[in-house]
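# Structure at a glance
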Amino acid sequence: MSITIENQINTYFETRDKISREELLALIKKDFANWTDNTINIYLSSLQKKGIIHSLSRGMYALGNEETFQPHLNNKLVKLAAIINKTFPFVKYCVWESSWLNDLMRHQTFKNFTIVEVEKVANEQVFNQLNTNFPNVFINPDQKTIERYIGALDNAIIIKNLNSEAPIQKWNNINVPTLEKILVDIVADDELFAAQQGELEFIFKSAFDKYNINESKMKRYASRRNREAEIKNQTNIITAK
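In this text the structure is predicted, and so the values were computed from the model without any measurement. (Residues numbered from 1 in each chain as written. Predicted model: local features only at pLDDT ≥ 70, side-chain atom pairs only at ≥ 80, totals over all residues. Heavy atoms only, no water.)

### As for the environment of Ser-45
The condition is simple: Note on conventions: DSSP H or I runs of at least 4 residues are helices, E runs of at least 2 residues are strands, and numbering of each starts at the N terminus.
Position of Ser-45 relative to the elements: it lies in helix 3 (residues 37-49). The sequence separation of Ser-45 and Ser-55 amounts to ten residues, and the corresponding C-alpha distance is 9.6 Å.

Structural data, given as structure tokens:
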């Protein structure tokens, strides 16, 4: 029986979970010496489409399909989004929960808060609207407000300014942040995400191990938030291990 890339690919991962692109190319060329780099790229693309392998960030490959970040949309988020969509149909926004980070953390946080990010020109109007529908709504809280009030509450709603180039996506027709945005935000908003600061390295490693992170997207957003150095440091730590 002739050797095919489909039945040979598993052997490359027998002693490791992931392989760099350079290593994978070298292994394939040992078994398929007459293949050009272009031919190998075509086969790798085919294997990815079939779900046999997937491309990780940082030029790495792993077996199987990559797991997609699937945030949980509870009733509160659905209601918040419905109000914003109905009352402010042309306003750019996104909504999410701090509890989404729990799956990436070693120690679970007991307090959860909801983040509503809207364009700066509309944040006051959105605040006034949501304040009539929900309790404990805060707009761009400072450190004292976070420490004195929000820290003692569960399920507070925090309205923040949405960066004009923030990476967001639609999930079940609701605007939510991408995981790349969330990772940058927990670094940039260290007062709001104080509970996560001691686990940043673990959170980033969990995210990179579990999901396909678009580093270019993350770095662009980090640049917009003036956190390039911090994000680069976190990715360097992961790469070094």
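### Observations concerning the pattern of salt bridges
Our working rule: Any Lys or Arg side-chain nitrogen found within 4 Å of a carboxyl oxygen on Asp or Glu counts as a salt bridge. The buried label goes to any residue with under 20% of its type's maximum accessible area, the exposed label to any with over 50%, and the partly exposed label to all in between, with areas taken from a 1.4 Å probe on protein chains only.
Applying the stated criterion across every chain, the model contains eleven salt bridges. Note that Lys-181 is salt-bridged to Asp-185, the shortest N-O span being 2.4 Å. You can see Lys-181 and its partner Asp-185 sitting in helix 7 (residues 179-188), four residues apart, about one turn around the helix. In terms of burial, Lys-181 and Asp-185 fall into one category: buried. A salt bridge links Asp-185 to Arg-225, with the nearest nitrogen and oxygen atoms 2.9 Å apart.

### Section: the pairing of strand 8 (residues 168-171)
Within a regular beta strand, the side chains point alternately toward one face of the sheet and then the other, so they alternate between its two faces. Note the following rule: Two strands pair if DSSP finds at least two bridges between them.
Direction of pairing for strand 8 relative to strand 9 (residues 174-177): antiparallel, over a ladder of four bridges. Within strand 9, the residue paired with Ile-168 across the bridge is Pro-177. Counting the residues in the hairpin turn of strand 8 and strand 9 gives two residues, including Asn-172, whose phi is positive at 55°.

### Remarks on the nonpolar core
So the rule is basically this: Within this scheme, the nonpolar core is defined by two criteria: the residues are buried Ala, Val, Leu, Ile, Met, Phe, Trp, Tyr or Cys, and they are joined through side-chain atoms within 4.5 Å. What makes two residues a contact is simply this: any of their non-hydrogen atoms within 4.5 Å.
Of all hydrophobic cores here, the largest spans 58 residues; its most connected members are Val-116, Leu-179, Leu-183, Ile-186 and Phe-204. With six residues, the top contributor of residues to this core is helix 7. Setting aside residues up to four positions removed in sequence, Leu-179 forms contacts with Phe-69, Leu-104, Ala-207, Tyr-211 and Ile-213. Residues Ile-19, Phe-32, Leu-44 and Tyr-61 belong to the second largest nonpolar core, which totals 15 residues.

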